Amino acid sequence: MRAAPTVSAEAYDAYLKGLYHCYRLTRADLDTAEHFFELALAKDPGYARAYAEIGLLWMGRQQMGFVSPAEAAPKAMRQR
């Protein structure tokens, strides 16, 4: 199943900026990525890819040891 594409160029731009920061896996970059994914959702509340990436960045935070699994898992699952 494919994620629904956004029709908003602003949401897509924010999403791409979020991806750039998300894959760097530093604490600051993950925070910045979350900001951009939330911005994408503000521009297009139905943008599935932004929701998915927020869930993944919480798993990244957990894997890098920035948060506990007990904190990350519920926040990642909330993005469903």
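A brief report on the enclosed structure follows. Because the structure is a prediction, the values reported are computed rather than measured.

1. Looking at the packing of aromatic side chains
One pass over the structure, following the stated rule, counts 3 aromatic pairs. Geometrically, the ring pair formed by tyrosine 15 and phenylalanine 37 is tilted, given 6.0 Å between the ring centres and 45 degrees between the ring planes. Note that tyrosine 15 is positioned in helix 1 (residues 9-22) and phenylalanine 37 in helix 2 (residues 27-43), a separation of 22 residues in sequence. On the accessibility criterion, tyrosine 15 (9% relative accessible area) is buried.

2. A closer look at the environment of arginine 61
If you trace the backbone, arginine 61 turns up in helix 3 (residues 48-63). The spatial distance from the C-alpha of arginine 61 to the C-alpha of alanine 11 is 23 Å, given a sequence separation of 50 residues. Excluding residues within four positions of it along the chain, arginine 61 makes contact with Leu30, Asp31, Glu34, Phe66 and Val67. Among the polar contacts made by the side chain of arginine 61, one reaches the main-chain carbonyl oxygen of leucine 30 at a distance of 3.4 Å.

Parameters at a glance
- Residues numbered from 1 in each chain as written.
- Predicted model: local features only at pLDDT ≥ 70, side-chain atom pairs only at ≥ 80, totals over all residues.
- Heavy atoms only, no water.
- Phe/Tyr/Trp six-rings, centres within 6.5 Å; stacked < 30°, edge-to-face > 60°.
- Helix = DSSP H or I, 4+ residues; strand = E, 2+ residues; numbered from the N terminus.
- Buried < 20%, exposed > 50% of the residue type's maximum accessible area, 1.4 Å probe, protein only.
- Contact = heavy atoms within 4.5 Å.
- Polar contact = N/O pair within 3.5 Å; in protein donor to acceptor, adjacent residues only side chain to side chain.

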